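Each chain, letter by letter, is given below.
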Amino acid sequence: MSLPKERRQQMINMMYLVLTAMLAMNITREVLAAFQTINSSIESSNTSITDKNQLFYDQFDAKEAKNDADYALVKQLNDNAKEIRSKSDEIVKYLEGFKEEVVNTSGGWETSESGVKSPKEMENIDAATRIFVEGKKGDEIRKRLEEFYAFILSKVDNESKREAMKKQFDGTFGTVVKSDENPKGEWTYGTFHNIPVVAAMAMMSKFQND
């Protein structure tokens, strides 16, 4: 016996809604997987940059150890490099802490059978909003980055190079488009509000890379 037309249409509508929801979930998983890939790529790039920088630090130390005619200049440059490295390591560690915080706030980590570690709830959009927007940590991050950039620029004597670096640093924050939800175009809101955990992690990795 066939169902009445009205009930049959209701069932079709319900099935359509379920299918739409399933498709939306699949798209979400794909997007989240893309963010995870981007984050892993940036982290890998950061490691490569760190290794490359280590070669420069080693060369500075080796040159200073020679104690030759250029010793005074080399020592000055090496002292600057060490100070910059210390500040850089400090802010990289600071940003890394927020990766842990946003993951732990959303439910912690899980490890797959293949040994890959990832957030349990990488789709969670409440954790980043709670920490960075409501908790004002986004404003704090921006302030810390701006202070770091000002410190770096103070070490550059060449005016044209300093201006070039300043433009590069300014690009870190980009332009937040104004909207009904964010009429003032506030950076913290536009950057962190309702973004999934994995996207917040990728954002921290980007700042570390910058």
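Structure first, text after, so check above.
Residues numbered from 1 in each chain as written. Predicted model: local features only at pLDDT ≥ 70, side-chain atom pairs only at ≥ 80, totals over all residues. Heavy atoms only, no water.

> Quick question: what am I supposed to make of the packing of helix α2 (residues 71–106) against helix α3 (residues 126–134) here?
Packed helices, taken two at a time, are described by their axes: the angle between them and the distance between them. Contact geometry for α2 and α3: axes closest at 8 Å, N-to-C directions at 130 degrees. Comparing the axis directions of α2 and α3 gives the class oblique. Considering only the axes of α2 and α3, their crossing is right-handed. Residues Phe98, Glu101, Val102, Thr105 and Ser106 of α2 form the contact with α3, whose participating residues are Ala127, Ala128, Arg130, Ile131 and Phe132. Class assignment for the residues of the contact of α2 with α3 results in six nonpolar, two polar and two charged. (Axes fitted to C-alpha atoms, helices over the stretch in contact; angles between N-to-C directions. Helix = DSSP H or I, 4+ residues; strand = E, 2+ residues; numbered from the N terminus. Parallel < 35°, antiparallel > 145°, perpendicular 65-115°, else oblique. Left-handed = near helix turned anticlockwise from the far one by under 90°. Contact = heavy atoms within 4.5 Å. Nonpolar A, V, L, I, M, F, W, Y, C, P; charged D, E, K, R; others polar.)

> Would you explain the packing of aromatic side chains in this entry?
Aromatic ring pairs are defined here through the distance separating the ring centres and the angle between the ring planes. Under the criterion given, the structure shown has nine aromatic pairs. Ring geometry for tryptophan 187 against phenylalanine 192: centres 5.7 Å apart, planes inclined by 90 degrees, an arrangement best described as edge-to-face. Following the ring pairs from residue to residue traces out a cluster consisting of Tyr94, Phe98, Phe132, Phe148, Tyr149, Phe169, Phe173, Trp187, Phe192 and Phe207. Positioned above the aromatic ring of phenylalanine 151 is the side chain of lysine 87, whose terminal nitrogen or guanidinium carbon lies 5.5 Å from the ring centre. Here lysine 117 stacks its cationic end above the ring of tryptophan 109, 4.6 Å away from the centre of that ring. (Phe/Tyr/Trp six-rings, centres within 6.5 Å; stacked < 30°, edge-to-face > 60°. Lys NZ or Arg CZ within 6 Å of the ring centre and 35° of its normal.)

> Looking at this structure, how should I read the pattern of salt bridges?
Any two side chains of opposite charge can pair, on the condition that their charged atoms come close. Within this structure, the stated rule accounts for 11 salt bridges. Lysine 99 serves as the salt-bridge partner of glutamate 43, at 2.9 Å between the closest nitrogen and oxygen. Of this pair, glutamate 43 sits in helix α1 (residues 5–66) while lysine 99 sits in helix α2, and the two are 56 residues apart along the sequence. Glutamate 43 gets classed as partly exposed once you look at its relative accessible area, which sits at 29%. Aspartate 68 is paired through a salt bridge with lysine 63; the nearest N and O atoms lie 3.1 Å apart. (Salt bridge = Lys/Arg side-chain N within 4 Å of Asp/Glu carboxyl O. Buried < 20%, exposed > 50% of the residue type's maximum accessible area, 1.4 Å probe, protein only.)

> Explain the nonpolar core here, please?
When a protein is soluble and globular, its nonpolar side chains tend to lie buried together. Judged by nonpolar contacts, the single largest core of 31 residues is most densely connected at Val102, Phe132, Ile141, Leu145, Phe192, Met204 and Phe207. Going through the elements one at a time, α2, α3, α4 (137–154), α6 (187–192) and α7 (197–209) are the ones with two or more residues in this core. (Core = buried A, V, L, I, M, F, W, Y, C linked by side-chain atoms within 4.5 Å.)

> Got a minute to help me understand the side chain of lysine 99 in this structure?
For lysine 99, a relative accessible area of 2% translates into the label buried. A distance of 2.7 Å separates polar atoms of two side chains, one belonging to lysine 99 and the other to serine 205. Apart from the residues within four sequence positions on either side, lysine 99 is in contact with Asn39, Glu43, Met201, Met204, Ser205 and Gln208. (Polar contact = N/O pair within 3.5 Å; in protein donor to acceptor, adjacent residues only side chain to side chain.)

> Looking at this structure, I do not really get the environment of phenylalanine 98. What am I missing?
You can see phenylalanine 98 is positioned in helix α2. The exposure class assigned to phenylalanine 98 is buried, which follows from its relative accessible area of 4%. Residues phenylalanine 98 and methionine 201 lie 103 residues apart in sequence; the distance between their C-alpha atoms is 7.9 Å.

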